[in-house]
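# Examining the three-dimensional arrangement
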Amino acid sequence: MEFWVSSMLPQKADILFQLQKDILQLQGFRCKASDDLIRPVLGPIDSSFPNGVFPLASIHEFLTHSAEDMAATSGFISCLLSSLMNNGGVSVWIGTSQAIFPAALKFFNVEPDKIIFINTKKPKELLWLLEETLKCEGLAAVVGETSEVTSTESRRLQLAVEQSRVTGFLIRNNSRNINANACTARWKISSTPSIMAEDVPGIGFPAWNIELLKMRNGKPGKWQMQWAYNKLHSIPDPIILSPAEQRKTG
Amino acid sequence: MGKRFATIWFHYLKTDWFCRYRPELLRLPFVLTAPDHGRMIITAVNPCAYHQGIVVGMVLADARAVVPSLKYFDDIPGLPQKLLTSIAKWCIRFSPIVTIDLPDGIIIDATGCAHLWNGEGSYLDSIAGRLIQIGYHVNAAMADTPGKAWAMAHFGEQRSIINSDEELTAFLFLPVAALRLEVETVIRLNKLGLRQIRDILSMPRSVLRRRFGNHLLMRLDQSLGQQEEIIQPVQPVEPYSERLPCLEPIVTATGIEIALKKLLEVLCKRLQQEGKGIRKLIFKGYRVDGNIQAIDIGTNSASSNADHLFKLFEIKISSIEPALGIELFTLDAPKVEDIHATQEKFWNKACGLENPGLIKLLDRVSNKMGDNKIHRFLPVEHHWPERSVKIAASINEKLTTQWRTDRQRPIYLLQHPEPIKVTAPIPDYPPMLFRYQNKLHKVKKVDGPERIEREWWIEEGQHRDYYAVEDEEGIRYWLFRSGHYSDKNYEWFIHGFFA
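Structural notes, computed from the coordinates. Here the structure is a predicted model, which is why all the values come from computation and not from measurement. Along each chain, residue indices are assigned from 1 in the same order as the chain's sequence is written. Naming scheme: in the order in which they are written, chains are lettered from A and ligands are numbered from 1. Reporting in this predicted model follows two pLDDT cut-offs: at least 70 for local features of residues, and 80 or more for side-chain atom pairs to be given and counted; totals over whole chains, interfaces and linings ignore these cut-offs and use all residues.

Moving on: the overall build of chain A. A count of helices and strands for chain A gives 7 helices and 9 strands. Residue burial here comes from a neighbour count, namely the number of other C-beta atoms, placed from the backbone, that lie within 10 Å of the residue's own C-beta, with 20 or more meaning buried, 12 or fewer meaning exposed, and in between meaning partly exposed. Within the span of chain A, comprising 250 residues, buried residues form 43% of the whole. Across chain A, the fraction of contacts at a sequence separation of at least 24, relative to all contacts at a separation of at least 6, is 69%. Starting at the N terminus, helices and strands are each numbered in turn, a helix being any DSSP run of H or I of at least four residues and a strand any DSSP run of E of at least two. The contact criterion used here is simple: two residues whose C-beta atoms, placed from the backbone, lie within 7 Å are in contact.

Laid out in structure tokens, this is it:
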């Protein structure tokens, strides 16, 4: 494919590139200049996304199977929230019970008091809540913990975000059937041993196996990343610290 | 506009109430009695007994000698207070300020109310008429002071209305008892030949004060309107409240919606002028059969937007049961706050917690699902993990202390720590193995211990030694040992999962 494109006249390649961009726009991948300020930058993962940028205003689905997975997924989502909320935005976190410890969000550079938690046990209420919050313009992101979401429901959520330009994260816990749905991306996050130098006691930075199982108009992939100094770094790349950060760690 | 007061006097309050529940007593002479110094004293008589010469204060034995067929029942203490209060509450449909006048009357501040009933005559008729229908014997009067109205109700005709010009002639010829005086004072006045109010009006005030005390002068001034009489309404008047009486009872949901919209419009207009917003709102419908239907809403942030408030009520309107119809709607705002007008922005920049869209959303959620479902957390200066965050009281509450990041905290915290089985070298080493939910975890990396003491001024108990551990799969847990090894009663728990 690449050979074919490069062998074409440069003019033709430009036209093709422009056409691809137009198609993406028609499919709802609109890029606004103001979005770049809050768009998460995920290093190597970015190349899997359409246009090479993290898709905002869409629904991302995260598969989890245990409380440990939930914790890893919540951590990764918090990393995304940290950039989505960095202009003072507010997020809503919808769940069945208050499992997230707000004080820990600060480690991921998220202001915990800027997150509104809504808890409900009833699945119907939860879906209503999800749709209503996703329709609310001006929110940075909405995180929803739900086990099942049907194809119709996911389509409604996707339509809501295309209107309001809110980014939605669905944490699907113990879902029995992974059906086809309208979510833009499907992720799976699990913990991986943290990187520490030999003979150094203690636990390192939070590290994850990140699997992008499905990405509309993009390519799935698999990465290992860790969260350090308010940034995602890929493993095993060494963490390059700025002089100020070096001083802080002593 | 001058003030107007209506007074309703119940001749036979207690016995009429008895008759309501035992209609067979209507035509029989009967009395209520209460023991007093070993005798039974009559405390209330019914009209039938009254016409046969039995009065309140007689001894029961004497009364039975006069009327052998006299029936008698035990008096219920505190009954008048209870009856009058409920009647006064019912009367709120005629005026917001209604007070009880023990032992047998009700005073209504009817200022500016009577024209809604096409004049004072029909106003009094509709109040008294309804009470008579129920079975009470009442006298009603209207005047410019409560004292005059009381006097006319007790000593005037069944319906008396005095206007300012003819007031003196009607009022002055009433007996002195019409001034609401103590019995002894009335007897003394009568002894001195002062039988009518006009007799004492011509006397010097200093003489009256010396002979009869201040009370007489106060009552005289109150009746003549020279001294204001403060009446205590049975239901405190809400400062922000609107009323909408209906020509015909409303039974449909559409009708209720129209009434609500009208009330909201008026109330919100007033609030906007005063720069206030609503935090709590109660919408009440007074039904024809005396029942009151109420729905209420709360908002997360002060609002005076009628459309938004109406939307919040909309889902609850179906819970109103109009039955035979609602004749009066009221809208009370018990909780009102100042609104700080936000400047309109040309561009929708970062929308923080003041985002009106978000606040409207939260209002809708809390009215649909209840207030206790929405939380926002703020840091508190406690080390104990469960107490280190608190639920913010409002969406605008500011941080009083900073979030701490000097100690690692798990993102996923269990509501209650769960006991686990642990293998750990004594006395104070971190665990090597632990078993959680029947799965064995080999600990590879450890941070800790971090000892957190219970705050002794809050509760007593064992301290916790926290360890952050990572197992061979790379999953990070937050474990703690409660208590010292040496105490023998130590226990291991898992308290959370790190990201």
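To continue, consider the overall build of chain B. Looking only at helices and strands, chain B has 14 helices and 21 strands in total. Taken over 499 residues, chain B has a buried fraction of 34%. The contacts of chain B with a sequence gap of at least 6 include a subset with a gap of at least 24, amounting to 55%.

Next up on the list: the nonpolar core. Core analysis: the largest hydrophobic core is formed by 97 residues, its most contacted members being A:Ile94, A:Leu139, A:Ala141, A:Val142, B:Ile411, B:Tyr412 and B:Leu479. Tallying contributions element by element places helix α3 (residues 67–84) of chain A first for this core, with 9 residues. Those residues in contact with A:Ala141 that lie beyond four places of it in its chain are A:Leu81, A:Leu84, A:Ser91, A:Val166, A:Thr167 and A:Phe169. In terms of nonpolar packing, the next biggest core, distinct from the first, is built from 49 residues, B:Phe5, B:Leu13, B:Phe94 and B:Ala114 among them. What we call a nonpolar core is a set of buried Ala, Val, Leu, Ile, Met, Phe, Trp, Tyr and Cys residues whose membership is set by joining through C-beta atoms within 7 Å.

Let us look at the packing of helix α13 (residues 306–314) of chain B against helix α14 (residues 356–369) of chain B. Residues and elements named next belong to chain B. Closest axis-to-axis distance for the α13/α14 pair is 9 Å, and the angle between their directions is 25°. Relative to α14, the element α13 is oriented roughly parallel. In terms of crossing hand, the pair formed by α13 and α14 is right-handed. Together, His-308, Lys-311 and Leu-312 of α13 and Lys-360, Asp-363, Arg-364 and Asn-367 of α14 make up the contact between the two elements. Every axis in this analysis is a line fitted to C-alpha atoms, fitted for helices over the stretch in contact. Angles between the N-to-C directions lie between 0 and 180 degrees. Any angle from 65 to 115 degrees is called roughly perpendicular, while one under 35 is roughly parallel, one over 145 is roughly antiparallel, and all others are oblique. The handedness criterion is simple: a crossing whose near helix is rotated anticlockwise from the far helix by less than a right angle is left-handed, and one whose near helix is rotated clockwise is right-handed.

Residues and elements named next belong to chain B. Across its 12 residues, helix α4 (residues 79–90) extends 17 Å between first and last C-alpha, which sits within 8% of the 16 Å expected from 1.5 Å per residue. Regarding α4, the residues found buried are Pro-80, Leu-84, Ile-87 and Ala-88. For α4, the angular spread of the buried residues around the axis is 100°, confining them to a single face. If you follow the buried residues of α4, they end up packed against α1 (13–21), β5 (98–101) and β6 (105–109). Any helix carries an expected span of 1.5 Å times its number of residues minus one. Here the arc refers to the directions that run from the helix axis out to each C-beta atom.

Attention now moves to the sheet that holds strand β7 (residues 138–143) of chain B. Residues and elements named next belong to chain B. With respect to topology, 5 strands assemble into an open sheet ordered β5-β6-β1-β7-β8, the strand pairing being mixed. The sheet is open, and its two edges are formed by β5 and β8 (159–161), each paired on a single side. Taking the axes of each pair of neighbouring strands and ignoring which way they run, one obtains an average angle of 15° across the sheet. Docked against the sheet, helix α5 (residues 120–134) engages β1 (5–10), β7 and β8, running at close to 160° with respect to β7. Only strands joined by at least two bridges in the DSSP assignment are considered to pair.

What follows is about the sheet that holds strand β19 (residues 464–471) of chain B. With antiparallel pairing, the 7 strands of this open sheet are ordered in space as β15-β21-β20-β19-β18-β17-β16 (chain B). With partners counted over all chains shown, the strands left at the sheet margins are β15 (412–419) and β16 (421–423) of chain B, one partner each. On average, each strand axis in the sheet is inclined to that of its neighbour by 35°, with strand direction left out of account. Sheet analysis places β19(B) next to strand β20 (residues 476–482) of chain B, joined by 7 bridges and oriented antiparallel. Looking across to β20(B), one finds that B:Val469 is bridged to B:Tyr477. Docked against the sheet, α3(A) engages β15 and β21 (491–497) of chain B, running at close to 155° with respect to β15(B).

A few words on the interface of chain A and chain B. Listed per partner, the contact involves 47 residues of chain A and 42 residues of chain B. It is α3(A) that provides the largest number of residues to the side of chain A that touches chain B, a total of 8 residues. Each residue is assigned to one class: nonpolar for Ala, Val, Leu, Ile, Met, Phe, Trp, Tyr, Cys and Pro, charged for Asp, Glu, Lys and Arg, and polar for all the others, Gly among them. Residue classes in the side of chain A that touches chain B are distributed as 25 nonpolar, 16 polar and 6 charged. As defined by bridge partners, strand β3 (residues 115–119) of chain A adjoins strand β13 (residues 374–379) of chain B across 3 bridges and the pair is classed as antiparallel. What sits directly across from A:Ile118, in β13(B), is B:Ile374.

Turning next to the environment of A:Lys21. Within the secondary structure, A:Lys21 sits in helix α2 (residues 10–26). Placed 29 residues apart in sequence, A:Lys21 and A:Pro50 show a C-alpha to C-alpha distance of 9.0 Å.

The next point concerns the packing of helix α5 (residues 123–135) of chain A against α14(B). As a packed pair, α5(A) and α14(B) sit with axes 11 Å apart at the nearest point and diverge in direction by 165°. The angle between the axes of α5(A) and α14(B) places the two elements in the roughly antiparallel class. Between α5(A) and α14(B) lies a crossing of right-handed hand. Along the contact surface, α5(A) presents A:Glu125, A:Leu129, A:Glu132 and A:Thr133, while α14(B) presents B:Leu361, B:Arg364, B:Val365 and B:Met369. Grouping the amino acids of the contact of α5(A) with α14(B) by side-chain chemistry returns 4 nonpolar, 1 polar and 3 charged.

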